[in-house]
Amino acid sequence: MRDGGGIKPDVEVKPDSLPNIAYYLQVSGRDSADVLYNYELDYYLSHPSIAKPRDFQLTDAEYEQFKQRVVKSGFTYDPESAKILKNLKRMAEFEGYYDDAKQEFENLEKKLQHNLDKDLDKHKAVIKQMLESDIVASYYYQRGSAELSLRYDKQFLEACRLLKSPDEYAKILQPAQP
């Protein structure tokens, strides 16, 4: 092991990143409409019970209801890529490169156009997972939320896959050849 290098895992699992829209929906005070919290509260009040954590899943129709509430609520969030592009454009103008790259900037601006409906569809899996976790926690507390999270935990799922593959598992346990 090299100094300060840490331990390299036998199987590397890349972590997911939280999309900007999910961050703004989840972080208290960022969402001007508190639409995520209000949806979860209404869900809890209208469902006396739900399935066990390992079986609970929002339907596509329920997610669509949530999505429509977000759109109607006036929810806003900062599209960071548009901010960065604006700064890049300003710097390119300052340095004299903008005219040569004007068409590329215009094309990129079109591609990065903020579209709430599209973003809610694009990040449906992550947002749905957040909703499910919060709803399960309302019924089954932290234990239920932890149980549900195993369904999505990449490291746990990879470990289960590896344990079901005896040849691959045995190969990892073999010492490295010098």
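Just so you know, these numbers come straight off a predicted model, no measurement behind them. (Residues numbered from 1 in each chain as written. Predicted model: local features only at pLDDT ≥ 70, side-chain atom pairs only at ≥ 80, totals over all residues. Heavy atoms only, no water.)

Q: Report on a nonpolar patch on the surface, specifying residues and quantitative values.
A: A cluster of nonpolar side chains, namely Tyr-37, Leu-41, Tyr-44 and Leu-45, defines an oily patch on the protein surface of about 430 Å² accessible area. Mapping Tyr-37 onto the fold places it in helix H2 (residues 35-46). Overall, the relative accessible area of 52% leaves Tyr-37 in the exposed class. (Patch = residues over 30% accessible without salt bridge, like charges linked within 9 Å, V, L, I, M, F, W, Y side chains within 5 Å. Areas by Shrake-Rupley, 256 points an atom, 1.4 Å probe, with all protein chains shown as cover. Salt bridge = Lys/Arg side-chain N within 4 Å of Asp/Glu carboxyl O. Helix = DSSP H or I, 4+ residues; strand = E, 2+ residues; numbered from the N terminus. Buried < 20%, exposed > 50% of the residue type's maximum accessible area, 1.4 Å probe, protein only.)

Q: Give a detailed account of the environment of Phe-75, specifying residues and quantitative values.
A: Take Phe-75: it is sitting in the loop between helix H3 (60-73) and helix H4 (80-95). By relative accessible area, which is 5% here, Phe-75 ends up buried. Separated by 41 residues in sequence, Phe-75 and Asp-34 have C-alpha atoms that sit 8.2 Å apart.

Q: Please set out the side chain of Lys-128 residue by residue, giving values where relevant.
A: The residue Lys-128 is located in helix H7 (residues 124-149) in this model. By relative accessible area, which is 12% here, Lys-128 ends up buried. When neighbours within four sequence positions are excluded, Lys-128 is seen to be in contact with Leu-58, Thr-59, Asp-60 and Tyr-63. (Contact = heavy atoms within 4.5 Å.)

Q: Hey, could you go over the environment of Ile-135 for me, with residue numbers and the actual values?
A: Here Ile-135 shows up in helix H7. A residue is classified by how much of its surface remains accessible, and Ile-135, at 2% relative accessible area, is buried. Sequence separation of Ile-135 and Glu-40 is 95 residues, and the distance between their C-alpha atoms is 6.1 Å. Contacts of Ile-135, omitting those with residues within four sequence positions, involve Tyr-39, Glu-40, Tyr-43, Ile-50, Phe-56 and Leu-58.

Q: Talk me through the packing of helix H8 (residues 154-163) against helix H9 (residues 166-173); I want residue IDs and the actual numbers.
A: Look at H8 against H9: their axes get within 6 Å of each other, and the N-to-C directions meet at 100°. By the criterion of interaxial angle, the relationship of H8 to H9 is roughly perpendicular. Counting all contacts with H8, which are made through Arg-161, Leu-162 and Leu-163, the residues of H9 involved are Pro-166, Glu-168, Tyr-169 and Ile-172. (Axes fitted to C-alpha atoms, helices over the stretch in contact; angles between N-to-C directions. Parallel < 35°, antiparallel > 145°, perpendicular 65-115°, else oblique.)

Q: Go over the environment of Glu-95, please, and point to the residues and values.
A: Among the secondary structure elements, Glu-95 is positioned in helix H4. For Glu-95, a relative accessible area of 47% puts it in the partly exposed group.

Q: Got a sec to walk through the packing of aromatic side chains? Specific residues and values, please.
A: Summed over all chains, the structure comprises 9 aromatic pairs. Measuring from centroid to centroid gives 4.9 Å for Tyr-44 and Tyr-139, while their planes differ by 55°, and the two rings are tilted. Here Tyr-44, found in helix H2, pairs with Tyr-139, found in helix H7; they are 95 residues apart in sequence, far enough to count as distant. Taking the relative accessible area as the measure of exposure, Tyr-139 reaches 15% and is therefore buried. (Phe/Tyr/Trp six-rings, centres within 6.5 Å; stacked < 30°, edge-to-face > 60°.)

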